[in-house]
Amino acid sequence: MTGSQAQTIDLRDALNKHLNARSLSKSISTLLQSKRKAIDYAPYYQRNYVWDNDKATFFIESILLGIEIPPLIMFIPASNKTKYEVIDGRQRFETLKRFFESDFKLSKKGLRSLSALKGLNFQSLEPEIQRVFLDTTIRIIEFSTLGEHPAQDELEDRIKKEIFWRYNSGITPLKTLEVQQAQHLEDNFTKILDAEFLANPIPEWIEQFKAIFFAKHSPNPLTNAECQAKIRELLVLEHFPINIYATTSSRRETVEWLYELYIENAENQDQILLGFQQKIGLIYQLFKVLNEKEWIIYQGVYWALVILEQNNIDVGLFFDKNTIRNLAAVIHKNISIFTGDKRGFSKITNQRFQYLADFVNMELNNKCFETIEFALYLNRRLKADEDEQQATIKTIDAINELETMRLNRPDAVTKTIEDLTEDMGRNTFLIRPAYQRQEVINIKKASGIIESMLLGIPLPTIFICRRDNGICEVVDGQQRLLSILGFLGKSYKNNKNQEAWSIKNHYKLFKNITILKELGGKKYDELSDDLQGRILDFELSVVYIDEKLNKHFDPIDLFIRLNNKPYPVKDHSFEMWNSYSERSIIEKIKTITKTYESWFYYRKDNKRMDNEELLTLFVYLSFKSCKNKSIDTVFETIDIYNSAPRSLTFRLSKLKITDWLSSAEGQKNTTNREEILNSINDVELFIQKVAVLTRTFQKSADDKDDLPELFNRLLGVKGKVRLQKPFYVLWFLLLGVDKLIIDEKAALIAKEVMVFFDNNQSLQRDETLTVKDIFKNNVDAFWTKINTN
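Small disclaimer: the values here were computed from a predicted structure and weren't measured.

**Examining the pattern of salt bridges**
No. 1: This structure, assessed with the given rule, holds 28 salt bridges.
No. 2: A salt bridge links R12 to E518; its shortest N-O distance comes to 2.5 Å. You can see R12 sitting in helix α2 (residues 11-18) and its partner E518 sitting in the loop between β11 (499-500) and α26 (529-537), a full 506 residues away along the chain.
No. 3: By relative accessible area, which is 39% here, E518 ends up partly exposed.

**A short note on helix α24 (residues 443-454)**
No. 1: For α24, spanning 12 residues, the distance from its first C-alpha to its last is 16 Å, which sits close to the expected 16 Å at 1.5 Å a residue.
No. 2: Among the residues of α24, A446, S447, G448, I449, I450, E451, S452, M453 and L454 are the ones counted as buried.
No. 3: The backbone nitrogen of K444 lies 3.2 Å from a side-chain oxygen of the residue at the head of α24, namely N442.
No. 4: Looking one or two residues beyond α24, the residue adopting positive phi is G456, at roughly 80°.

**Comments concerning the sheet that holds strand β12 (residues 539-546)**
No. 1: Spatially, β6-β12-β8-β9-β7 is the arrangement adopted by the 5 strands of the open sheet, whose pairing is mixed. Every interior strand has two partners, whereas the edge strands, β6 (413-416) and β7 (429-430), have only one.
No. 2: Of the strand pairs in this sheet, strand β8 (residues 462-466) and β12 are connected by 5 bridges, and their pairing is parallel. Note on β12: the bridge partner recorded for R466 is D546.
No. 3: Sitting on the sheet, helix α23 (residues 417-426) is in contact with β6, β7 and β12, with an inclination near 90° to β6.

**Concerning the packing of aromatic side chains**
No. 1: On inspection of all chains with the given rule, the structure shows 45 aromatic pairs.
No. 2: When the centroid spacing of 6.4 Å and the interplanar angle of 65° are considered together, the rings of F189 and Y259 count as edge-to-face. Of this pair, F189 sits in helix α9 (residues 188-197) while Y259 is found in helix α13 (residues 251-264), placing the two residues 70 residues apart along the sequence.
No. 3: Relative to F711, the ring of W599 has its centre 5.2 Å away and its plane inclined at 80°; by these criteria the two rings are edge-to-face. Taken together, the positions of W599 in the loop between α29 (583-596) and α30 (610-625) and F711 in helix α34 (residues 707-715) put the pair 112 residues apart, joining distant regions of the chain.
No. 4: For W599, a relative accessible area of 4% corresponds to the buried category.
No. 5: The exposure class of F711 is buried, given its relative accessible area of 0%.
No. 6: It is K230 that lies over the ring of W295; its NZ or CZ is 3.3 Å from the centre.
No. 7: The lysine or arginine in question, R583, covers the ring of Y44, its NZ or CZ lying 3.6 Å from the ring centre.

**A few points about the pairing of β8**
Across a regular strand the side chains alternate sides, sitting on one face of the sheet and then on the other.
No. 1: Counting buried residues along β8, 4 of its 5 residues qualify, which places the element largely inside the surrounding structure.
No. 2: Judged from the 4 bridges that link them, β8 and strand β9 (residues 472-476) form a sheet pairing that is antiparallel. Of the residues in β9, the one forming a bridge with I464 is V474.
No. 3: Hairpin connection of β8 to β9: 5 residues between the antiparallel strands, including G470 at a positive phi of 95°.

Definitions and cut-offs
- Residues numbered from 1 in each chain as written.
- Predicted model: local features only at pLDDT ≥ 70, side-chain atom pairs only at ≥ 80, totals over all residues.
- Heavy atoms only, no water.
- Salt bridge = Lys/Arg side-chain N within 4 Å of Asp/Glu carboxyl O.
- Helix = DSSP H or I, 4+ residues; strand = E, 2+ residues; numbered from the N terminus.
- Buried < 20%, exposed > 50% of the residue type's maximum accessible area, 1.4 Å probe, protein only.
- Expected span 1.5 Å × (residues − 1).
- Polar contact = N/O pair within 3.5 Å; in protein donor to acceptor, adjacent residues only side chain to side chain.
- Pairing = 2+ DSSP bridges.
- Contact = heavy atoms within 4.5 Å.
- Axes fitted to C-alpha atoms, helices over the stretch in contact; angles between N-to-C directions.
- Phe/Tyr/Trp six-rings, centres within 6.5 Å; stacked < 30°, edge-to-face > 60°.
- Lys NZ or Arg CZ within 6 Å of the ring centre and 35° of its normal.

Structure follows, in structure tokens:
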């Protein structure tokens, strides 16, 4: 790309004059087997494939059930009309491909409805079900460019990045808690809990529960949904072997499965709640004596009390004042496994529960009770009793099960904003059914929706369930509709046949709107007639699902499937920077990561680009330190403090890094780009310094296989999990030491680094110095010691 070409790119003009978009549908068979259209599902700006088997299974089940999924966003480059690039939807497309090629089997946890398909891959499905899969159509939004441009490749690159950013940052996916809240809406035990939480006055046990488990809650108001999620986790803990609870990456999914198995369908739910309330009252007595706010302490004690109950021991009789005092003393004696910064690690979690088990048996022995074989609860396979397990296996034939549950899949209709808003003012709409989240007051994202409309970028499909009584229930698209209605100042008719408005009614566009900057801070009425017309004429894709044609349709299930996006691309992360930042910078960081990833890694499993992100943070620090390696400059950009519980913590603003990377884009910013590329070289030099220190632990020059373990020794890592903190400390320590000195004094410096780690795990501020000041002074002393010896 030449400089003259780069200067000709005007993104706003390009989107207006050259962008072409159309909606279409293709069968999965055509998508996967077409020989004419090659699909590149992993272009350079895409992140890695990150879905696990449970997430992939859940997606395939949605396909088989005929449930609409978000469209694949594709791009056709001008240079090759027979090629598709997947801009958004790599996880979905690759999952379709992997399943078709029988790369994975459908998992039990991933199947919510079609349990008879557990353990099957595509090849082992009945031919009839294979046809259902292959014949299912997938909606596609296809982008391409019109006309010719002197910098065609650069033009398309900018357009692809803009589209990726809008589809991955414009709509906020459901949070875990919101998914759980919707999932348990019709659950009878949750209804019992709702009655307790809505009682006036609030029951004492709820106040005690909140005090115990949310003593360190964030400034945001504590919600009933948060409390109930914690209660569900506690109630199933007795069925969750601690060795698995401590290590599993799918803890939430397992909690849901155990809850459904043991609580949701239990006949004695009132007794379950009474038992829970009793134990909360007992634990509250410990809470007052112990004076510690870490909820993990009381989780373990609750578990111990449940195990006592299972062994026919009266917990009220056992957990007397004397036992409470003894337990408080024992916890304080080894407080680090309850409140230390490694308290969430699997090893410490297992140690903590074993520690409580040992205490309980000691107390039982002192009280002349028979002791408990806690090994049954600490170390075993996750398996329901045989009868209960059999009860969860559905014996319905897989084909009949699919025919019963498959959605009568309607085609999407196209409606202009003007038509849809008129329809919403005339007919009854339920925009916020009980399972929906609250309207989000995010003017920046709402403005992004309006800007996309003005630029002609299609919005995701709206899904509406048309009930038998005529009410239109918005299953998915609430935030989009309310953002549009709010900007237009339009009302809608709610389910009570009353006129209602968005809480953002008549809002002004975000001041720093991305492309249409002159519209920042303006209301709809302040736009020109042409721009108002563009909004009103904008076409939305709407799917109406008629209840009378789909007797088994569950809107909550569709809501969860559409919104429960596994591992979404986070704003201000390398996954997002990778998609739209200056390519030369991103590619160089990725190359360095790959060069040294066999040993220099923060996460060994680097699916989420955590290692690239950490290196980017160091590039930013190197950039800030400039040529004179000024630690004062660096300290202005980073927070260093002791976080609870008493551990040195480093924090950088990733929003600032996003802005900093943006400063390198375009022909006008070549200086910034070159300086950032030089800073990447500095980071590679830092890694080379670390390599020299690490090799001082080698027994021989040929001993390269143990480099990861030797690096762990330098970092002070005793287990398999690495933290970011020692990487930051290393960066600061080696910033002020020349590579020649490190080559000369490697063994001495490696020893001093390890001493520094030991002496700077936690720093206590005084009346005159902050933790950052103390750390800075200690680093300066390290430099002086190394450079003068």
